[in-house]
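# A closer look at the structure
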Amino acid sequence: MSALGVVGGVVQPVLIVAGSPLLVGLMRQVRARLEGRAGAGVAQPWRDLRKLMRKEQITPRGTSEVFRLAPLVLVATTLVVAVVAPFVTTDSALDPAADLFAVVALLALGAVALALAGLDTGTAFGGMGASREMTILALVEPTLLVAIFALSVRVGSTNLGAIVSSTLDDPARVISPVSLLAAVALILVIIAETGRLPVDNPSTHLELTMVHEAMVLEYAGPDLALVELASAMRLSVFLGLLANLFLPWGIAATATPVALLVGILALVVKVGVLGVLLAAGEVFVAKLRLFRVPELLAGSFLLALLAVAASFFLV
Amino acid sequence: MAATVAMPVAVAAVALTAGLAVATFVKAFGVGFLAKPRSEAAMAAHESPSTMLAGMGVAGLACVVLALWPAGILPAVRAAVGEAAVSGEVTLRLTHVTGALSPLLLTLGLVVALVVVAGVVRLAATRRARREARLWDCGGGPMSARMEYTATSFAEPLQRVFDDVVQPELDVDVSHHEESRYLVRAVAYRRKVPDRIERRLYGPVLDMIAAWGRAGRGLAPGSVHRYLGYGFYAVCGLLILLTVTR
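Quantities reported herein were computed from a predicted structural model and do not represent experimental measurements.

Another point: the domain arrangement of chain B. Partitioning chain B into structural domains gives domain 1 (62-123) and domain 2 (197-245). Computed from C-alpha coordinates alone, the two centres of domain 1 of chain B and domain 2 of chain B are separated by 57 Å.

Here it is in structure tokens:
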């Protein structure tokens, strides 16, 4: 545990918790402007969270502790990922937890907690959302594992910090076939996992098309605030991982204030640009039918598999 | 060379299994433990006596201990295979490649994060007591347990994705009212996923062995004369074989 890791472990979660609602606000604003609307402003998600936090807590009848704990688990898993994964600094505060498999498992654990909460409500909506989310998750997790594993093969380590550092040392790796294939696979998977168009529409409340929103339909007040904050944090975490795995420049490798400041700025700029691109892309696509989504995910799994094959053959 | 070909396939298989395992866990736990009772018997269900719970509890506790402290099983693994691929007590490290994982530290981190988040929520949210509310039913009155997702409906999308591989058998029975064919009285929906390995691989082998058994039954009808005849021919054949080979 180095000083750099400790600093990163403090700075990263604060930055991600504070910044992720702003990222969602920025994406909504970009979308609104492109559609000819004025938009609610970048800080609107924070205002929504403040409003929800002040409301009273609601327990729907027939729900158990699973329902009440799920938002906490969801935020906690994302928070641990924000602490350990390399976002601002290459070193991790909890090195063994910065492993590729640990991070993917933590993110999956949050999704599982929410799906169980959806089933716990015992409504048709909750079951529908959980069933659809699990179908997508069962196809997304393998692609996520395989795509990042492809990057780890050349490094000889599954530690995310080590993967990022090795790309910093050898920038030519970014344009290798392995990286490009894995990048495309990861982008598709991140769109599916964070519930963006064309897989899921985050702003819909139409029964037939809901995936994530159906699962969290029974949440209200502070619980809903936690769920909203967690999904914003998951979006930032995924975009941050994508940015740092393929374009790690700017990330702090030493514990000096200047390096840290550059690291923070680099992360904000990279995630911001990715978010704006994602939001701008969403304006031009319609939502896919649910049963066309597996075809998209199968395609991304194939790309990830090709990336692993390439990483073994083209060494 | 074999490793370069086998490795990507193995990684893909392990990763796919991991994804399906997550979905399976949610289905088993979510439908088994969190659903509403669907029958009178299920509604009247009560907890087993504590002696029975203790047995399951010990098994469960062993699983939790092994999950948090997998190094505990390493001596046994070493005794069986000579050298284990991992070492370390709290943090498990792979011996031949760089890779470390610490279930205990990870769980601790998660617990600390949970406590922090719960504390922040307690500080930030209003102190008013939790209020009970109706579940959202689109204004259509209370939702019955029959409207809930079942294990079959939960797994349906995933089964549809792997349709070509698992080949589920689907059976839909629609019965109509006597007065009109347009009025449906009941729909029975049955979906079964037969084990393809069992049907395609074990089935033929078991059939062949059974056929061999039936043929053998014809050879042994219970007649002493025939058994003596078998013995006679066997001894003759053996004698001929010995004279020819020596």
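With that settled, the discussion passes to the packing of helix 3 (residues 65-84) of chain A against helix 4 (residues 100-120) of chain A. Residue and element names in this part refer to chain A. Closest axis-to-axis distance for the helix 3/helix 4 pair is 8 Å, and the angle between their directions is 165 degrees. It follows that helix 3 is roughly antiparallel to helix 4 by the angle criterion. You can see that helix 3 and helix 4 cross each other, and the crossing is left-handed. Residue-level inspection shows V66, F67, A70, V73, L74, T77, V80, V81 and V84 of helix 3 in contact with helix 4, the latter providing V103, L106, L107, L109, G110, A111, A113, L114, L116, A117 and D120. Of the residues in the contact of helix 3 with helix 4, the class split is 17 nonpolar, two polar and one charged.

This part takes up the sheet that holds strand 1 (residues 86-87) of chain B. Residue and element names in this part refer to chain B. Read across the sheet, three strands follow the order 1-2-3 without closing on themselves; strand pairing throughout is antiparallel. Of all the strands in the sheet, the pair left with one neighbour each is strand 1 and strand 3 (100-101). Both strand 2 (residues 92-94) and strand 3 contribute to a ladder of two bridges, which runs antiparallel. Its bridge partner lying in strand 3, R93 is registered against A100.

Attention now moves to the packing of aromatic side chains. Between two aromatic rings, the relevant description is the distance of the centres plus the angle of the planes. According to the stated counting rule, one finds five aromatic pairs over all chains in the structure shown. Seen from the ring of F291 of chain A, R160 of chain B lies directly overhead, with NZ or CZ sitting 3.9 Å from the centre.

A side chain with one charge can pair with a side chain of the opposite charge if their charged atoms come near. This structure, assessed with the given rule, holds 15 salt bridges over all chains. Between E193 of chain A and R234 of chain A there is a salt bridge, with the nearest N and O atoms lying 2.6 Å from each other. Residue E193 of chain A is found in helix 7 (residues 177-193), and its partner R234 of chain A is found in helix 9 (residues 221-246); the two are separated by 41 residues along the sequence. Here R130 of chain B and D223 of chain A are joined by a salt bridge, their closest N and O atoms 3.3 Å apart. One end of the pair, R130 of chain B, is in the loop between helix 5 (103-124) and strand 4 (131-133); the other, D223 of chain A, is in helix 9, on a second chain. Residue R130 of chain B is classed as partly exposed on the basis of its relative accessible area of 32%. Relative accessible area serves as the criterion here: at 5%, D223 of chain A is assigned to the buried category. Linked through salt bridges whose partners overlap, the residues forming this network are R31, E35, R37, R196 and E282 of chain A.

Here we take up the layout of surface pockets. Residue and element names in this part refer to chain A. Put simply, the largest pocket is a space of about 1,100 Å³. If you go around the largest pocket, you meet 49 residues; those closest to its centre are V24, R28, P202, E213 and E228. Of all the secondary structure elements, the ones that give two or more residues to the lining of the largest pocket are helix 1 (3-34), helix 2 (44-54), helix 4, helix 5 (124-155), helix 7, helix 8 (212-215) and helix 9. Residue contributions to the lining of the largest pocket peak at eight residues, all from helix 1. Taken together, the residues that form the lining of the largest pocket break down as 24 nonpolar, twelve polar and 13 charged.

Another point: the UniProt feature "transmembrane region" (unreviewed entry) in chain A. UniProt marks residues 6-27, 69-88, 100-122, 134-154, 174-192, 235-252, 258-284 and 296-314 of chain A with the feature "transmembrane region" (unreviewed entry), using the numbering shown here. Helix makes up 96% of residues 258-284 of chain A and strand 0%, and the two end C-alpha atoms of the span are 40 Å apart.

Okay, the interface of chain A and chain B next. Listed per partner, the contact involves 67 residues of chain A and 62 residues of chain B. On the chain A side of the interface with chain B, the three residues burying the most area are Q57, R61 and L119 of chain A, jointly 11% of the side's total. Summed over the shared surface of chain A and chain B, the number is three salt bridges. The shortest N-O distance in the salt bridge between E56 of chain A and R131 of chain B comes to 2.9 Å. Applying the counting criterion to the chain A and chain B interface returns eleven residue pairs in polar contact (both at pLDDT 80 or more). For the side of chain A that touches chain B, the elements supplying multiple residues, two or more each, are helix 2, strand 1 (58-60), helix 3, helix 4, helix 5, helix 9 and helix 11 (293-313) of chain A. Looking at the side of chain A that touches chain B element by element, the count peaks at 16 residues for helix 5 of chain A. Within the side of chain A that touches chain B, the residues separate by chemical class into 43 nonpolar, 13 polar and eleven charged. As defined by bridge partners, strand 1 of chain A adjoins strand 4 of chain B across three bridges and the pair is classed as parallel. The partner of I58 of chain A across the bridge, within strand 4 of chain B, is R131 of chain B.

Rules and cut-offs
Residues numbered from 1 in each chain as written. Chains lettered and ligands numbered in written order. Predicted model: local features only at pLDDT ≥ 70, side-chain atom pairs only at ≥ 80, totals over all residues. Heavy atoms only, no water. Domains from an automatic or database assignment. Axes fitted to C-alpha atoms, helices over the stretch in contact; angles between N-to-C directions. Helix = DSSP H or I, 4+ residues; strand = E, 2+ residues; numbered from the N terminus. Parallel < 35°, antiparallel > 145°, perpendicular 65-115°, else oblique. Left-handed = near helix turned anticlockwise from the far one by under 90°. Contact = heavy atoms within 4.5 Å. Nonpolar A, V, L, I, M, F, W, Y, C, P; charged D, E, K, R; others polar. Pairing = 2+ DSSP bridges. Phe/Tyr/Trp six-rings, centres within 6.5 Å; stacked < 30°, edge-to-face > 60°. Lys NZ or Arg CZ within 6 Å of the ring centre and 35° of its normal. Salt bridge = Lys/Arg side-chain N within 4 Å of Asp/Glu carboxyl O. Buried < 20%, exposed > 50% of the residue type's maximum accessible area, 1.4 Å probe, protein only. 1 Å grid on protein atoms, 1.4 Å probe; cavity = no way out; pocket = protein on both sides within 12 Å on 5 of 7 lines; lining within 4 Å. Points joined across faces, edges and corners; volume = space filled by probe spheres on them. UniProt positions renumbered as here; feature names shortened; annotations may be inferred. Buried area = accessible area lost by both parts, 1.4 Å probe. Polar contact = N/O pair within 3.5 Å; in protein donor to acceptor, adjacent residues only side chain to side chain.

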